[in-house]
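# Architecture and fold: a report
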Amino acid sequence: MVGGALLIAIPLASAFAIPLVGLALKRAAKWVPPLALAADLVIGLILLPRVLEKPIIVSIGGFPPPFCINLMVGPLGLSLAILISFVALLISIYAVGYIKTEPTEKYHALFLLLTTGALGVVLTGDIFNLFVFFEILCVASYALTAYRKDRAGSEAAMKYLIQGTVGSTFILVGIAFLYGLFGTLNMADIAARVPSAEPLHLFVILAFFIVGFGVEAAVFPLNAWLPDAHSSAPSSVSAILSAIAIKTGVYAIARVSYTLMNARGVLVLISAIGIVTLVIGEMAAYRQKDDIKRMLAYSSVGQIGLIVFAIGMATSFGLFGALFQLVNHALAKCLLFLAAGYMIYRVGSKRLADMDGLGRSMPLTTLAFSVGAFSLIGLPPFAGFMSKLSIVCAALETQRAAYLALVAVALAATIVEAGYFFRVVQGFYFRKQVAPDSDRQPIKETPAGALMPIVVLAVLIVVVGVYPGLVTNALRGAANELVNRTEYIRVVLGTP
Amino acid sequence: MDVLARYMYYVGGAGLILIGLYMVLAKTNLIKIILGLSFLDTGTHVLLVAVGYVRGRTAPIFSEGVPEATPVVDPVPQALVLTAIVIGIGVIALALGLAVRVYRHYGTLDVRQIKGLKW
Amino acid sequence: MRKVLALLLVLAVGAGFCAVLAKIPFGTDKVDVANHYMRKGVEETGAGNIVTSVVVTYRGFDTLGEVTILFIVAIGLGAVLFVEKRPAGEQKEEASLIVRTGSKVLFLPIILLGVYIFVHGHLTPGGGFQGGAVMASGFLLLYLAWPRHRAGRRTFSAVESLAGVAFVAIGLLGVACGVGFLGNFLPLGTRYALLSAGVIPIIYVAIGLKVGAELAGVVANLMERE
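Since the structure is predicted, the reported quantities are computational estimates derived from the model, not experimental observations.

## Digging into the overall build of chain A
Of regular secondary structure, chain A possesses 20 helices and 2 strands. The C-alpha atoms of chain A give a radius of gyration of 22 Å, which matches the 23 Å a tight globule of 496 residues would have. Judged by the C-alpha coordinates and their principal axes, chain A covers about 75 × 60 × 40 Å. Counting the 496 residues in chain A, one finds 67% classified as buried.

## Some words on the packing of helix α8 (residues 199-217) of chain A against helix α1 (residues 2-21) of chain C
The geometry of α8 of chain A relative to α1 of chain C is characterised by a closest axis approach of 9 Å and an angle of 135 degrees between their N-to-C directions. The pairing of α8 of chain A with α1 of chain C is recorded here as oblique in orientation. In this structure, the crossing between α8 of chain A and α1 of chain C has a hand that is left-handed. Taken together, the residues of α1 of chain C that come into contact with α8 of chain A (itself represented by Leu200, His201, Val204, Ile205, Ala207 and Phe208 of chain A) are Gly16, Ala19 and Val20 of chain C. For the contact of α8 of chain A with α1 of chain C, the per-class residue count stands at 7 nonpolar, 2 polar and no charged.

## Quick word on helix α2 (residues 32-53) of chain A
Residue and element names in this part refer to chain A. In this model α2 runs 33 Å from its N-terminal to its C-terminal C-alpha over 22 residues, within 8% of the 32 Å that 1.5 Å per residue would give. Taking the largest bend as the criterion, α2 deviates by roughly 40 degrees, centred on Leu47, and proline Pro49 comes between one and four positions later. Those residues of α2 that fall on the buried side of the exposure criterion are Val32, Pro33, Pro34, Ala36, Leu37, Asp40, Leu41, Ile43, Gly44 and Val51.

## Brief notes about the interface of chain C and chain B
Chain C puts 45 residues into the contact, and the matching count from chain B is 39 residues. At the level of elements, α1, α2 (33-45), α3 (50-58), α4 (60-80) and α8 (200-224) of chain C are the ones that each hand at least two residues to the side of chain C that touches chain B.

## Notes on helix α6 (residues 128-145) of chain C
An α-helix turns once every 3.6 residues. As a result, residues three or four positions apart point the same way. Under the 1.5 Å per step criterion, the end-to-end length of α6 of chain C is 26 Å for 18 residues, consistent within 8% with the ideal 26 Å. Here α6 of chain C has its buried residues at Gly128, Phe129, Gly131, Gly132, Val134, Met135, Ala136, Gly138, Phe139, Leu142, Tyr143 and Ala145 of chain C. Its buried side turned inward, α6 of chain C meets α4 (75-106) of chain B together with α5 (97-119) and α8 of chain C.

## Considering the interface of chain C and chain A
Of the residues lining the interface, 48 residues belong to chain C; the matching set on chain A comes to 51 residues. Mapped onto the side of chain C that touches chain A, the elements with two or more residues apiece are α1, α2, α3, α4 and α7 (153-176) of chain C. No other element matches α4 of chain C, which puts 15 residues into the side of chain C that touches chain A. Residue composition of the side of chain C that touches chain A, by class: 25 nonpolar, 15 polar and 8 charged.

## Description of the packing of helix α5 (residues 127-145) of chain A against α4 of chain C
Between α5 of chain A and α4 of chain C, the shortest axis-to-axis distance is 9 Å and the interhelical angle comes to 10 degrees. The angle between α5 of chain A and α4 of chain C falls in the class roughly parallel. Every residue of α4 of chain C that contacts α5 of chain A at Phe128, Asn129, Val132, Phe133, Glu135, Ile136, Val139, Ala140 and Ala143 of chain A is listed here: Phe61, Asp62, Gly65, Glu66, Thr68, Ile69, Ile72, Val73, Gly76, Ala79 and Val80 of chain C.

## Considerations on the pairing of strand β2 (residues 69-73) of chain A
All names here are of chain A. For β2, the buried fraction is high: 5 of the 5 residues fall into the buried class. Across the two faces of β2 the burial is the same, with Ile69, Leu71 and Val73 and Asn70 and Met72 all buried. Direction of pairing for strand β1 (residues 56-60) relative to β2: antiparallel, over a ladder of 5 bridges. Each bridged residue has a counterpart across the sheet, and for Ile56 the counterpart in β2 is Val73.

## So, unusual backbone geometry
All names here are of chain A. Of note, the amide linkage connecting Phe220 to Pro221 takes the cis form, showing an omega dihedral of 0 degrees. One can find Pro221 in the loop between α8 and α9 (225-232). Phi is positive for Lys149, close to 60 degrees, though the residue is something other than glycine. Position of Lys149 relative to the elements: it lies in the loop between α5 and α6 (151-182). For Lys149, a count of 19 C-beta atoms within 10 Å translates into the label partly exposed. With phi around 60 degrees, Ala218 is a residue other than glycine that occupies positive phi space.

## Some points on the nonpolar core
One finds Leu110 and Cys334 of chain A to be the most contacted residues of the largest nonpolar core, which totals 316 residues. If near-sequence neighbours (up to four positions away) are discounted, Cys334 of chain A is found in contact with Val87, Leu90, Ile91, Ala239, Ala243 and Leu457 of chain A.

Cut-off values and rules
- Residues numbered from 1 in each chain as written.
- Chains lettered and ligands numbered in written order.
- Predicted model: local features only at pLDDT ≥ 70, side-chain atom pairs only at ≥ 80, totals over all residues.
- Helix = DSSP H or I, 4+ residues; strand = E, 2+ residues; numbered from the N terminus.
- Rg over C-alpha atoms; globule rule 2.2 N^0.38 Å.
- Buried ≥ 20, exposed ≤ 12 C-beta atoms within 10 Å, placed from the backbone.
- Axes fitted to C-alpha atoms, helices over the stretch in contact; angles between N-to-C directions.
- Parallel < 35°, antiparallel > 145°, perpendicular 65-115°, else oblique.
- Left-handed = near helix turned anticlockwise from the far one by under 90°.
- Contact = placed C-beta atoms within 7 Å.
- Nonpolar A, V, L, I, M, F, W, Y, C, P; charged D, E, K, R; others polar.
- Expected span 1.5 Å × (residues − 1).
- Bend = angle between axes of the 7 residues up to and from the residue.
- Pairing = 2+ DSSP bridges.
- Core = buried A, V, L, I, M, F, W, Y, C linked by C-beta atoms within 7 Å.

Here it is as structure tokens:
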């Protein structure tokens, strides 16, 4: 019973304590996030076997749900929580050496709070609580995007804030409608009462929620903020945003569509929106030659489109594919942004042409970058191959013309994706480096402290590619949780 | 007209939200856009509180003069709005801070000219 | 063109509003959860102000999240508006005699009012956030009257951190005492007395101090700029 609340209490208390630690000993503040996140990861891994059999319900305040807020630590929530703590742990280790702009202890506090927000979103069982933690995530990311206070970062953060706040308003209006119709805010309770409402009203409310969460998830046409924000933020921030923050938007959409609303008929539309997002993202990424981070940001948009497409498949296998792709994209995109961070720093520019020949001067970094890129394209033996294969198989299994057509488009977009990633990798290894100016430093490898997370991610991608069984067990349980909403209601509320 | 009178608070709340949405989408001055965000927040709060109102009842505060059997309005939306107001002012404060930064870099508050990042 | 598109979008959203709100009759009773709070609220939490018991006890997690957001904003503004070196010789105008005298007279009563509001949060309308905001307005008055003084930025930072840690610590104490995170582990006391309602007054004191320190810090940050 205790473990669940600790998953959120530990990072939260540590984040509150960072200013105090910073006042006492300035250099110690940057070690607080890795410690807190490591603790979270350990707790999550310990709880996982128990949760896969029977989800844990933690009621905050001691009263039974639905009269209080409860955490629903189920397979879906805990798997995502483990992913979040793991990725954030690696990024925080990277950031220890990478973040030099003052005031650094504020960066670390904001980072830890962003992670806490993400953990709260996936673990909670109450819709307004989800909104509050979602806001924690969003506000922390607005502040982190502008962290360098430069021209591009401030403008990108401003646009992100405005669009994000409009989205949040839509979510809050949706919650107001839900409360007005059903009189409760507990997700299981709402799910139990939903059959009593008219489909038109449910459709309008679902539309409000999808628009609201869709801004953060960057589905078309709400993704205008993403390329600016992810390319102008410091690289460790881009990594956490692309790997974790946009996934929470996707999780929220899935939770509202499946568990809350049981929106079977609308799911095809969601898949279609996903494919449109995929096509636009990949094609825009192909056009980016001047800014490697902008290319990676558009690639994130595309991949989110693919995940949303898979979420729209109403089968357990389809959802499994979506979650697997989500995990793989988180690992790979985090790796890509972290590697790109030091590549940009060493070369002094973001242009793709300037990255030529880095295979010689930064061998480990470029090797890891290539591993991440190949995983995203979906080449064996990397992890991305299994997840894309699952999605394609799930689409074929549905035997509905709409999904077959959409998956064909997805495969075509994969070719475009291969195009721009191969272009970069080819530049690393098969082109000569542009002769450096005599007064610039020779390009060295990434420092060891930052290289460690990059290498760990690359190794993990290969390991998951070869032994997918490591993660598929948990993800299968998670997919089942989304599809079996009656089970969800029963676990939280007890048999009515 | 009767519909308006019956649903006055809903119309007010929804109206503020729509005005705020229009301001965010159509205005070109950064401060007016931030003002639009504030309208959106206020409208949502009015809507939430209006959803919780029950005719003929009073505020949900019991004391020695107000015994516990007194019928009161729904306390939950009021708690939600308390949280939402605080979140709203936080976001607006951050928006204004960012606007100060953007103004320092660009020298103007016209969003048509703050386009350093292109397609 | 942009305005026409904006208008169309607004009308579409408005139609959505009409569709759903027509089904939520204004002024009728809602079911279940709210009734439980209304009937059993005082008995279970000991607070006369039901909104307080909902905010602190039944939905205490939301309040924790809300306090966190204010914390993020305070830190975020400190990071975004951070300036390494203060430009030398910044001249700020002295405030007038009326403002200075008035502030000297009003500052303490304003602080006292804020403290009163959050200490009585479980008995009268108000609570931690409202009291904290009133306290911050007292500090705003001080900054307006004496613009050259940068009063205790570090103290605000330390106070808000300590108060935040205290809030989470109270939650964890609830776990240690077996009533769940943020559960009530103190005796409920006599109804409508000042020292009653278990942990609610303590939490509200922590929130009041935190919010006051945070908002004062935010104001100080925004006022520092030219």
